[in-house]
Every structure is written in structure tokens, then in C-alpha cells.
Amino acid sequence: MYDIIGDVHGEAATLQHMLLSLGYIEGEEGYFHPERKAVFVGDYVDRGPHIFETLRIIREMVTAGNAFAIVGNHELNVLTYYTKDNDGLFLKGHNLKNKTQIKKTYEEFKLDKVKRKFYLKWLRSLPLYLELDGFRVVHACWDQEAIELLKKENPENCLSKEFLRKINFERGKVFDAAMLLLKGREFAFPDNLVLKDDYGFKRSAYRIKWWEPMNGKSFDEISFGNRFRLPQYTIPSQLYFDIPLYSEDEYPVFFGHYCLGDKAGVVRSNLCCVDGCIANDGVFVAYRWDNTLPLNQKNIISVKKVKKSLVK
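Predicted, not measured: the structure shown is a model, and the values here were computed from it.

Parameters and conventions
Each residue is numbered by its place in its chain's sequence as written, counting from 1. The model is predicted, so local features are restricted to residues of pLDDT at least 70 and side-chain atom pairs to those at 80 or more, both for listing and for counting; the totals for chains, interfaces and linings are taken over all residues. To get the side-chain values, take all heavy atoms of the structure and skip hydrogens and water. Secondary structure is summarised from DSSP: a helix means a run of H or I of at least four residues, a strand means a run of E of at least two, and numbering begins at the N terminus for each. Computation of the radius of gyration draws on C-alpha atoms alone. For the globule rule, the value is 2.2 Å times the number of residues to the power 0.38. Every residue pair with non-hydrogen atoms within 4.5 Å of one another is taken to be in contact. Exposure was quantified through the Shrake-Rupley algorithm and a 1.4 Å probe, taking into account, for residues, occlusion by the shown protein chains and nothing else. Only four residue types enter the charge count, namely Lys and Arg as positive and Asp and Glu as negative; His and the chain termini do not. We put the charge of a Lys on NZ, of an Arg on CZ, of an Asp on CG and of a Glu on CD. Whenever a pair of cysteine sulfur atoms sits within 2.5 Å, that pair is classed as a disulfide. Exposure categories follow from relative accessible area, calculated using a 1.4 Å probe and restricted to protein chains: below 20% of the type maximum is buried, above 50% is exposed, and the middle band is partly exposed. To get an axis, fit a line to the C-alpha atoms, keeping to the stretch in contact for a helix; angles then go from 0 to 180 degrees between the N-to-C directions. Our angle categories are set so that under 35 degrees counts as roughly parallel, over 145 as roughly antiparallel, 65 to 115 as roughly perpendicular, and the remainder as oblique. Two helices crossing with the near one rotated counterclockwise from the far one by less than a right angle form a left-handed crossing, whereas a clockwise rotation gives a right-handed crossing. Polar here means any residue outside two lists: the nonpolar Ala, Val, Leu, Ile, Met, Phe, Trp, Tyr, Cys and Pro, and the charged Asp, Glu, Lys and Arg; Gly therefore counts as polar. Any two strands are treated as partners once DSSP identifies two or more bridges connecting them. Lining residues are defined by having an atom within 4 Å of a point belonging to a cavity or pocket. Those points lie on a 1 Å grid over the protein atoms alone, cavities being sets where a 1.4 Å probe fits but cannot get out and pockets being open sets with protein on both sides within 12 Å along at least five of seven lines. Grid points are joined across faces, edges and corners, and a volume is the space filled by probe spheres set on the points.

1. Considering the overall build of the chain
- Within the chain, the secondary structure is distributed over 9 helices and 16 strands.
- On C-alpha atoms alone, the chain measures out to a radius of gyration of 19 Å, which is about the 20 Å that the 2.2 N^0.38 rule sets for 312 residues.
- Expressed as lengths along the three principal axes of its C-alpha atoms, the size of the chain is roughly 60 × 50 × 40 Å.
- Within the chain, counting contacts between residues at least 6 apart in sequence, those at least 24 apart form 66% of the total.
- Of the roughly 15,300 Å² of accessible surface on the chain, 48% is carried by carbon and sulfur atoms.
- Distance from the positive charge centre (45 side chains) to the negative charge centre (42 side chains) of the chain: 6 Å.

2. A closer look at the state of the cysteines
- Inspection of the entire model under this criterion finds 1 disulfide.
- One disulfide in the model links C259 with C277; its S-S distance is 1.7 Å. Here C259 is found in the loop between strand 12 (253-255) and strand 13 (265-268), whereas its partner C277 is found in the loop between strand 14 (271-273) and strand 15 (283-289), with 18 residues between them in sequence. Exposure class is identical for C259 and C277. Each is buried.
- Take C141: it sits in no disulfide, and the sulfur closest to it among the cysteines is that of C273, at 12 Å.
- On the basis of relative accessibility, which here comes to 1%, the residue C141 falls in the buried class.
- In this structure C273 is a free cysteine whose sulfur lies 7.2 Å from that of C272, the closest cysteine sulfur available.

3. Topic: the packing of helix 7 (residues 144-153) against helix 9 (residues 173-183)
- Contact pair helix 7 / helix 9: the axes reach a minimum separation of 9 Å and the direction vectors enclose 125°. Comparing their axes, helix 9 and helix 7 come out oblique. Note on packing geometry: the crossing formed by helix 7 with helix 9 is left-handed. Residue-level contacts link A146, I147, L149, L150 and E153 of helix 7 to K173, V174, A177, A178, L180 and L181 of helix 9.
- Of the residues in the contact of helix 7 with helix 9, the class split is 9 nonpolar, no polar and 2 charged.

4. Considering the sheet that holds strand 5 (residues 67-69)
- Spatially, 5-4-1-15-16 is the arrangement adopted by the 5 strands of the open sheet, whose pairing is mixed. Taken across any chain shown, the strands that pair with only one partner, and hence form the sheet edges, are strand 5 and strand 16 (300-304). Strand-to-strand twist in this sheet, taken as the mean axis angle between neighbours without regard to direction, amounts to 20°.
- Of the strands in this sheet, strand 1 (2-5), strand 4 (37-40), strand 15 and strand 16 are in contact with helix 1 (residues 12-21), which crosses strand 16 at around 140°.
- Strands strand 4 and strand 5 of the sheet are contacted by helix 2 (residues 51-63), whose axis makes an angle of about 120° with strand 5.

5. Describing unusual backbone geometry
- In this model, L293 is joined to P294 through a cis peptide bond whose omega is 0°.
- On the secondary structure map, P294 appears in the loop between strand 15 and strand 16.
- Phi angles above zero are rare outside glycine, and H9 is one such case at about 50°.
- Residue position: H9 is located in the loop between strand 1 and helix 1.
- Among the residues examined, H9 registers a relative accessible area of 4% and is labelled buried.
- Even without glycine at this site, C259 takes up a positive phi of about 50°.
- Judged by its relative accessible area of 16%, C259 is buried.

6. Things to note about the layout of surface pockets
- Taken as a whole, the largest pocket holds about 1,600 Å³ of empty space.
- As for the largest pocket, its lining consists of 47 residues, and the residues nearest its centre are R47, H74, Q101, R203 and R207.
- Mapped onto the lining of the largest pocket, the elements with two or more residues apiece are helix 3 (73-82), helix 4 (96-101), helix 5 (103-109), helix 9, strand 10 (202-203) and strand 11 (205-207).
- When residues of the lining of the largest pocket are assigned to their parent elements, the largest contribution, 5 residues, is made by helix 3.

7. Considerations on helix 1
- Counting buried positions over the 10 residues of helix 1 gives 7, a clear majority of the element.
- Within the span of helix 1, buried status applies to A12, A13, T14, L15, Q16, M18 and L19.
- Lining the buried residues of helix 1 we find strand 1, strand 3 (30-32), strand 4, helix 2, strand 15 and strand 16.
- In the segment just after helix 1, G23 is the residue with positive phi, at about 95°.

What follows is the structure, encoded as C-alpha cells:
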């Protein structure tokens, strides 16, 4: 049996609280459960106060065989920030915007270069997706065509230096496939539609459901996990497009990424988002997989943010 655990974002104390709540025990090789394994859906870095400690906890569990972990888009941002191309230039420029994007991680990583190098190497080894005993795990979107392309072009199933350099240089179908898994499917606004998010930033696109058709739907109805209001009017036929929909007959998929707060959990009979937006004062979420369908919201476990110091 497995416990699928949502985006951590450096909230190591809350992660410890969740593991203890789920019955995990801290041993010499990290946290373990006598009957279950944890599965982490990515986004371990950024935003929260304890990046290194979060990485330590998860890595120990993975290394000891007590957990699985995949990468998220925040790991992608950090890896491209610290990875150089073949000409010696960083894949993600070291400007103020990009440094601010990974601010919390950058501040911790600059304190210990040896530890930074150690964890960057480990993050590069983690898979982009998992197919386990009767279910699937991806950070943002399961798209079978993208998965098959990545199986062919990236059989190691990780964000190695070589793979990152290749896709960032070519910016082709393989790059798009990786971004789809890590960032989800988005819908671009028409040029004459201007929207701003809760932070006042202009938005040119937004995240959408990757399991429903957009034909006949409003901008708001296809939205998923966006922190700004969308118009209710129907999408013009000239703008919508067909997407490969994830069938209810397929294996269940667990994912994070969408910062749903108290709405996190079962989205459909075989889809579950475990990102409770803990970094933005939401809740920390896990799903206790018991090998049964349809997925059940009763299997969702949530804990509030732990604001006290780390448990030692």
C-alpha cells in the first residue's frame, strides 16, 4: 500500500507531522512504515523555510526503499538555474527575475555549496513520472502521447544534465512533452483579453483541466487551479481545440501542482490532486491508496501547517 503525498515546498516540519500522522516511524535510515510506502509528487523546493531538511527527509526515504519521488516544475526551475549549457552559460539566466523565482532555495543553497551540489545531483536522478501497482503519478498532467515520446527520447526518465541541455537547445516536441508533464496543459487568452492574477501580474494563459473537452465550455469551466477570476462566457469555437482526454477507464493518476487548498483531493473517479497549497497557508494533503476504485475522498488525509521549529 502507498501514501501519495502532495507538494512540500520546504515545509519540512509539516512533512514530519504528516509522516507521523500516517504512522511512519523515524529510524536510522529515515522515516519508514511497516506496511506502506510514501510517494512524493514533486515540488520539494522553494517558498518554505527548510529546503535542505525537506530534501534530506525525502532522499533518505527514497534511498532506503521506503518511498518513491518524482520531480516537479520547481525542481526543473532550480536545476536549469544551476545547469550550464555546452558553451558554459546557465540554462536559466542568473537575472533578478529568475533568482527571485527560486528565492528561498537560492538563499539556502548559497550557504553550503557542497550540500547544494549533492542534492542537485540527486534531484537530477528522479523520474518525471511513475507507473506503480495499479496507479500512475505525475506532477501536473498525464498525457500518454507525451509519455511515449519521453520513453523513447529519454529512457532514463530523469532531468539529467544532458537531457536538460538537449531540450533547452532544441525547444521541440520533447521539450513540450516534458513541460506538459511538469507544468500541465494551458489555454492562451485571445490577444484582446487582459487579466491580472491576485498579485497584479498580467496573465496571457492559464491552467486547464486535461481530462475534459473544452467545446461548449466557458473560460471558467475549463480552468483548474488558477488563483484569479476568469470570465464566464463561452469560449469561441475559433479558439478551442481538441486535446487527448484522459479516460475514466484508465489507471488512476495522482498529481500535485495546482495549489487547490481545501479543494484538494479526488477530482474524478480516477484522478486525484494532492496539492493543498501548503506554502500559501493552505493544507498539506496525502491520499492513502488502498488499491480500490473509484477513488474516495475519505482516503484524503490533511494536516495544517506546522509553524513551530523542526522536530528533532
